[in-house]
Structure formats: structure tokens, C-alpha cells
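Residue-level listing of the chains:
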Amino acid sequence: MLLIEIFTDYILNRKSLKDYVEVRKTIKTRGEFNDASLIQAEENLQRLKHEDPEVYEGMYETLDAVYKRNAGLSIEYPLDFTRQILKMYTGSLTPRQVYEEYKRVLEHYHHDA
């Protein structure tokens, strides 16, 4: 199984990214994110789940809708999702603003051509 497939499984099935960091150490392939970023993403997800479950569920619903649409490079979907999660709790954007920005991906996702 390729690293991106394992990563995708962890994202889609809401598995702990901290566990993914450990699994990834056994595979001799570089990933998109470093360990610290993945751990931060997991911490952001857990905080979001606790503090704003509506946005948490909405993020995953949007990801699911993106997959169902299948309008772009599917290996990018979990990467984009994680990038959005990493934006939360940093800077001036609230988690809800990040979520609203992420939902716009459904309006204009890039296409394979």
C-alpha cells in the first residue's frame, strides 16, 4: 500500500494522525507533512471536535462531498483537508471561517484534464 493510500485511509476514517506518524516511520517514503504538522493537525481536529462539533462534522461532510464529486486529483483531497485543519487556531481566521473557505472547494475544484 502506498503512503498516500495509508494517509487517505487515516483521514477518511477519522483515525488518529498521531498513530499515522508512527506507522509512517516504518515506511521509507517521504510524506507531504512533517511529524510536527501531523501532530498539530490531530490536536486541531480533537480541539475542533470538542469545541465546535458542527464545524468538525461539516469539514468531514465537505471532504465526503468532494470525494463523491470526484472532480479533481483524488490524492489531493486528504492533503487539502489537512492543510485546512492546520489553518485552524492560527492567525486571524476562526475555525468556522476556515470551514466556510473549505466549503467553497465544492464550487470550483480543479479538474483532471
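Being a predicted model, the structure only gives us computed values, none of them experimental. (Residues numbered from 1 in each chain as written. Predicted model: local features only at pLDDT ≥ 70, side-chain atom pairs only at ≥ 80, totals over all residues. Heavy atoms only, no water.)

## Description of the packing of aromatic side chains
Ring pairs (aromatic) are described by centroid distance and by the angle formed between their planes.
Part 1 of the reasoning: A complete count under the given rule lists seven aromatic pairs for this structure.
Part 2 of the reasoning: Ring geometry for Phe81 versus Tyr102: centroids 6.0 Å apart, planes at 70 degrees, classification edge-to-face. You can see Phe81 sitting in helix H5 (residues 76-87) and its partner Tyr102 sitting in helix H6 (residues 95-103), a full 21 residues away along the chain. By the burial criterion, Phe81 is buried, and Tyr102 matches it.
Part 3 of the reasoning: Across from the ring centre of Tyr60, 4.1 Å away, lies the NZ or CZ of Arg14, which sits over that ring. (Phe/Tyr/Trp six-rings, centres within 6.5 Å; stacked < 30°, edge-to-face > 60°. Helix = DSSP H or I, 4+ residues; strand = E, 2+ residues; numbered from the N terminus. Buried < 20%, exposed > 50% of the residue type's maximum accessible area, 1.4 Å probe, protein only. Lys NZ or Arg CZ within 6 Å of the ring centre and 35° of its normal.)

## Some points on helix H3 (residues 35-51)
Part 1 of the reasoning: Helix length check: H3, at 17 residues, gives a terminal C-alpha distance of 24 Å against a target of 24 Å (1.5 Å per residue), a fit within 8%.
Part 2 of the reasoning: Within the span of H3, buried status applies to Leu38, Ala41, Glu42, Asn44, Leu45 and Leu48. All buried residues of H3 project into a common sector of 160 degrees when viewed along the axis, lining one side. Exposed residues lying more than 90 degrees from the buried face of H3 are Ala36 and His50. (Expected span 1.5 Å × (residues − 1). Arc of directions from axis to C-beta.)

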